[in-house]
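# Results of the structural survey
Residue strings, one per chain:
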Amino acid sequence: MDFLSENVYIDAGFQHLCESVFVRLCQIVGTSVQVAFRRETVDIKEMVKRRVADNDEIIAMESGSIREGFRLEGSDIDYMFWRNDQRVISDMFQSEHYYTEDKTLILSDSSESPPGFTLLELLTPTTNREVQSACVPMNDRLYISSSLFRQQTQTHYFPGSIGHGPCESGKLPGGVEYDCAWCFVCDFWPLSASSWINRCHSWPDREVVDEIVRNGGHFVPIGHPLGLHKQEEWRISFSLAEHKLVHSMNHCQFLTYGLLKIFLKEVIDKQSEKTNKLLCSYHMKTVIFWVIQQDAVPLWCPQNLLASFWVCFKILLKWVYEGVCPNFFIPENNLFLSKVHGSAQRKLFLELHGLYEKGLVCLLESPSIKSCITNVLCNPRLSICTNEDRMISECDHDKELFDEIDRDTSYSPKNLDHCIKYLHTIELMIGEPLTQYQVLILQRSTATILQSTAFTLHNMYTNTGLNKQMYIADRMSCHMLKLAAKFGCISDMMYIAMFYCKTFRYREALYITEMIKVKLAQPGLMYGRRVDPERYTEAVGGQPWSTKMRQAVAHDITLNNHTCYINELTPEQQSALQNGSKLLRIPLFVVLHFVEFLCYRHIDTTLAQTALEELQVLVHHDQGLYVQGINRDISWEILGICQQMTGNLQAALYFYKQSITQFPWNKLQNATKMRIQDLHIT
């Protein structure tokens, strides 16, 4: 073998190795199709909510790795919240865009702050208590203190939550971590990041740049550790811009970013306790942004994936050596300042340099990646298919797709006008260019809004004495619920049963519950993420997604707390709403047995007792199959309500006490305490 042919052989072997890692990353991170529908479900949900938001509403934006399209083990849930009636401007001319009667204006003043940070001056009066309590006088002006604002807005929504930087952080059942940050929004691109616009020659393209600039930015409550006004300063957040940039990556770029995150968690952070957590995933994101924009990698493709990763790693090594990690939007903002310096910096550099000297062999230290590398090294002629269509089965694809749609199509319109506004918004969006996934998401969203509308309409005309209007409203509600069930999923039929129960049509309700039971007994049923792949494929394989959703998919029941679905749950919905939870999530089978119990009480007490016993067995003995941990609070609560209705007060008390000891996902504590108190009085 001459020198040239040997080089060709090595090059081919390296490409083979890259392809193996590409396939493995598609399994861990997701194929381009999976990543696309994850993003699109969130995008559609937030687009709908923004378009219907009233001036006084609180806006929520999902951020972080989940929003970017990752579903890595250990990925946390990140949310940013701001009030829709508050806006930050960066010069006084921008105030002309707002009616100050319904908007509180705040001026960003970066003149005395380090790059990437600013002071926020309150320009117009506000009735918002959190802002009022956070104001401090400086130089005859009123500024909003980030530290005081953080204290005012960190409500410890869940037990065990703590302050973490600008966020309130904690863990949900199952170990999922969350970060929630209250912030202010600005409709204009920050002046201190103006140079970024001129830097975007090759990436991202002009359309993406224009959209990013048009969407402005946010300000989160944390000061610069070395700033003159650390307690008052706010950090400029580019979270929304970062989403757009990550979404504009091609799939190999995104997988390289994913590999950097995995390498950080499984290799870099395992080097020593002294350097653990000095680097974070935001540094990895910053590296990949710079590498893409500077064209440091000539070709992003599966056969070049490891070379792309190595370019990023070398730049990270250089940054650690120099102690400078330039923020992508404001390079003068050194992300390593006050964190990666001194002896810890030297230690980290030596550790990274040790990995660098090993070359790509250092990836063998990653448990997630090791096997795909060793397989190729041990089997050089191993056939590798990089066709993404063959990497995931139809069932696995559908399982994640329907789960994502269920997670992101829950809405909580406050009244009938709001319901109509939602429906009109969705109607307008249907006329826009949509992907196949977005069509499906809007289809499911429409079912959700129709259900809220049906119950809201009924509640408006109940006990009004206007018989004709009540009759018309009833017909319209029934029609909407049946329509929702036609293009929703199996569990959407449950709303019809709840409506019949609420309107005293008990036999009709029970007829629907029996139909639901038959459908839920199908061997090919997909309930959440629980499914028999072979039976599912036999039942609906190859069918359109709308058909699959209607015939084989079921989810838990979500109630909009602004309207009443089951009279017996009114205290629970009110408690949740008072504690900031707009939705009540109940396991489908719990609702099914509950409705049967309520209906049979008026028809056959023996069958009512049977339904109660089935509910009790389900709640007592289910191991997360049909009653997830986060929904056990409402499940025990419903069991207590049923026992109280039968007169078994001792059992009711026991179940209420069980409910109150669960993780308070549904925010029922006030209602539960009230029910316990009523039992003691009785």
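Treat the numbers as computed from the prediction; the structure is a model and nothing was measured.

The rules we used
- Along every chain, residues carry numbers that run from 1 in the direction the sequence is written.
- Side-chain atom pairs in this predicted model are given and counted only at pLDDT of 80 or more, local residue features only at pLDDT of at least 70, and totals for whole chains, interfaces and linings cover all residues.
- Only hydrogens and water are set aside when side-chain values are computed; all heavy atoms of the structure are taken into account.
- Two kinds of site are reported from a 1 Å grid over the protein atoms alone, namely cavities, where a 1.4 Å probe fits but cannot get out, and pockets, open sets with protein on both sides within 12 Å along at least five of seven lines, and residues are called lining when an atom falls within 4 Å of a point.
- Grid points are joined across faces, edges and corners, and a volume is the space filled by probe spheres set on the points.
- Each residue receives one of three labels: charged for Asp, Glu, Lys and Arg, nonpolar for Ala, Val, Leu, Ile, Met, Phe, Trp, Tyr, Cys and Pro, and polar for the others, Gly being one of them.
- Comment: elements are numbered from the N terminus, with helices defined as DSSP H or I runs of at least four residues and strands as E runs of at least two.
- Given the number of residues in a helix, its expected span is that number minus one, multiplied by 1.5 Å.
- The cut-offs for exposure are 20% and 50% of the maximum accessible area for each residue type, with area from a 1.4 Å probe on protein chains only; residues under the lower value are buried, those over the upper are exposed, and the others partly exposed.
- The arc refers to the directions leading from the helix axis to the C-beta atoms.
- By the convention used here, residues are in contact when the closest approach between their heavy atoms is within 4.5 Å.
- By convention a nonpolar core is built from buried Ala, Val, Leu, Ile, Met, Phe, Trp, Tyr and Cys residues, the set being connected through side-chain atoms within 4.5 Å.
- Note: two strands are recorded as paired if DSSP finds a minimum of 2 bridges between them.
- The axes are straight lines fitted to the C-alpha atoms, using for helices just the contacting stretch, and the angles between their N-to-C directions are given from 0 to 180°.
- A side-chain nitrogen of Lys or Arg and a carboxyl oxygen of Asp or Glu constitute a salt bridge if their distance falls within 4 Å.
- Confidence per residue, as judged by the predictor, is encoded in pLDDT with a range of 0 to 100.

With that settled, consider empty space enclosed by the protein. Enumeration according to the criterion identifies 1 cavity of 30 Å³ or more in this entry. Approximately 150 Å³ is the volume attributed to the largest cavity. Lining the largest cavity are 19 residues, with Arg444, Thr448, Gln451, Tyr495 and Thr558 positioned closest to its centre. Looking at the lining of the largest cavity, its residues break down into 6 nonpolar, 8 polar and 5 charged.

Here we come to helix 17 (residues 467-487). Across its 21 residues, helix 17 extends 31 Å between first and last C-alpha, which sits within 8% of the 30 Å expected from 1.5 Å per residue. Along helix 17, the residues that are buried comprise Ala473, Asp474, Ser477, Cys478, Met480, Leu481, Ala484 and Ala485. Mapping the buried residues of helix 17 onto a view down its axis gives an arc of 165°, with all of them on the same face. Of the exposed residues in helix 17, the ones pointing more than 90 degrees away from its buried face are Lys468, Tyr471, Arg475, His479 and Lys486. Check the buried side of helix 17 and you find it contacts helix 16 (436-461), helix 18 (493-502) and helix 21 (545-552).

Turning our attention to the nonpolar core. Counting residues in each nonpolar core, the largest one holds 94 residues, and the members touching the most others are Ile144, Leu279 and Phe329. For this core, the element with the highest residue contribution is helix 11 (residues 305-322), accounting for 11 residues. Among all residues touching Phe329, those that are not within four sequence positions of it are Trp189, Ala193, Trp196, Arg199, Phe238, Ala241, Glu242 and Leu245. One finds Phe499, Tyr506, Tyr527 and Ala611 within the second-largest nonpolar core, a separate group that totals 70 residues.

For the rest of this paragraph, the subject is the sheet that holds strand 10 (residues 177-182). Taken together, 5 strands build an open sheet; the order of strands is 1-2-10-9-8 and the sheet is mixed. Of all strands in the sheet, those bounded by a partner on one side alone are strand 1 (58-63) and strand 8 (162-164). On average, adjacent strands in this sheet sit at an angle of 30° to one another, irrespective of strand direction. In this sheet, strand 10 lies alongside strand 9 (residues 167-171) in antiparallel orientation, the contact comprising 4 bridges. When the sheet's bridge partners are listed, Lys171 is paired in strand 10 with Glu177.

This part is about the environment of Leu364. With respect to the helices, strands and loops of the structure, Leu364 is situated in the loop between helix 12 (342-358) and helix 13 (367-378). As for Leu364 and Thr374, which are separated by 10 residues in sequence, their C-alpha atoms are 8.1 Å apart.

On to the pattern of salt bridges, then. Here the idea is simple: oppositely charged side chains can pair when their charged atoms come close. For the coordinates displayed, the defined rule picks out 34 salt bridges. Arg67 is the partner of Asp43 in a salt bridge, and the nearest nitrogen-oxygen pair spans 3.0 Å. One end of the pair, Asp43, is in helix 2 (residues 32-52); the other, Arg67, is in helix 3 (residues 64-68), and 24 residues separate them in sequence. Residue Arg67 is classed as buried on the basis of its relative accessible area of 4%.

Moving on: the pairing of strand 3 (residues 86-89). Residues in a regular strand project their side chains so that they alternate between the two faces of the sheet. Alternating residues of strand 3 divide into Gln86 and Val88 and Arg87 and Ile89, and every residue in both groups is buried. Looking at chain direction, strand 3 and strand 4 (residues 104-109) are connected through 4 bridges and run parallel. The residue bridging Ile89 from the neighbouring strand is Leu107, located in strand 4.

Residues with a pLDDT of 70 or more make up 98% of the protein chain, whose mean pLDDT is 93. This stretch, residues 1-10, has a pLDDT under 50; its non-local contacts, to residues over four places away or in other chains, come to 1 contact.

On to the environment of Thr547, then. Tracing the sequence through the fold places Thr547 in helix 21. Note: C-alpha distance between Thr547 and Trp310 (237 residues apart in sequence) is 45 Å.

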